[in-house]
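These are the residues of each chain, in order.
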Amino acid sequence: SVFTAREQAVLTRIREMSGKARDLKKRIKQLSKEPGDQTKRRLGAMNELESLRQIRTELEKERIAAAEERMRLLGHA
């Protein structure tokens, strides 16, 4: 199917957030294996991951809205 510019932009941001989340998960795992007290760094990374999850939820709503808009433009709704 053909996506609108709005849908493309949202999908690009979703992919970016997914990549950042994947990197953060690796970092959290690595921090938990490092010797010494990495609690602050790990908590900071976990908070950042939670923030990315919230952004992803909002982007998913935007993606659905953009898809519905495309369907209206095509006369399907």
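These remarks concern the structure in this document.

Cut-offs used in this document
Residues numbered from 1 in each chain as written. Predicted model: local features only at pLDDT ≥ 70, side-chain atom pairs only at ≥ 80, totals over all residues. Heavy atoms only, no water. Helix = DSSP H or I, 4+ residues; strand = E, 2+ residues; numbered from the N terminus. Rg over C-alpha atoms; globule rule 2.2 N^0.38 Å. Buried < 20%, exposed > 50% of the residue type's maximum accessible area, 1.4 Å probe, protein only. Contact = heavy atoms within 4.5 Å. Areas by Shrake-Rupley, 256 points an atom, 1.4 Å probe, with all protein chains shown as cover. Core = buried A, V, L, I, M, F, W, Y, C linked by side-chain atoms within 4.5 Å. Axes fitted to C-alpha atoms, helices over the stretch in contact; angles between N-to-C directions. Parallel < 35°, antiparallel > 145°, perpendicular 65-115°, else oblique. Left-handed = near helix turned anticlockwise from the far one by under 90°. Nonpolar A, V, L, I, M, F, W, Y, C, P; charged D, E, K, R; others polar. Expected span 1.5 Å × (residues − 1).

### Side note on the overall build of the protein chain
Across its full length, the protein chain carries two helices and zero strands. Here the protein chain has a C-alpha radius of gyration of 17 Å; the compact-globule value for 77 residues is 11 Å, and the former is much larger. Principal axes of the C-alpha set define a box for the protein chain whose edges measure 60 × 15 × 15 Å. Considering the protein chain as a whole, with its 77 residues, one finds that 25% of them fall into the buried category. When contacts within the protein chain are restricted to residue pairs at least 6 apart in sequence, long-range pairs at least 24 apart make up 70% of them. Carbon and sulfur atoms form 53% of the exposed surface of the protein chain, whose accessible area is close to 5,800 Å².

### Points about the environment of Pro 35
Tracing the chain through its elements places Pro 35 in the loop between helix H1 (5–33) and helix H2 (39–73). Under the relative-accessibility criterion, Pro 35 is labelled exposed at 72%.

### Let's talk about the nonpolar core
Core analysis: the biggest nonpolar cluster contains ten residues, these being Val 10, Ile 14, Met 17, Ala 21, Leu 24, Ile 28, Ala 45, Leu 49, Leu 52 and Leu 59. Residue assignment for this core shows that the elements contributing at least two residues are H1 and H2. It is H1 that provides the largest number of residues to this core, a total of six residues. When residues no more than four places from it in sequence are discounted, the contact partners of Leu 24 are Ala 45, Glu 48, Leu 49 and Leu 52.

### Observations regarding the packing of H1 against H2
Viewed as axis vectors pointing N to C, H1 and H2 meet at an angle of 160°, and their least axial separation amounts to 9 Å. Accordingly, the angle class assigned to the pair H1 and H2 is roughly antiparallel. For the pair H1 and H2, the sense of crossing is left-handed. Across the contact of H1 with H2, the residue classes tally to 17 nonpolar, two polar and 16 charged.

### Description of H1
Across its 29 residues, H1 extends 43 Å between first and last C-alpha, which sits within 8% of the 42 Å expected from 1.5 Å per residue. Taken together, the buried positions of H1 are Glu 7, Val 10, Leu 11, Ile 14, Met 17, Gly 19, Ala 21, Leu 24, Ile 28 and Leu 31. Those residues of H1 hidden inside the fold are in contact with H2.

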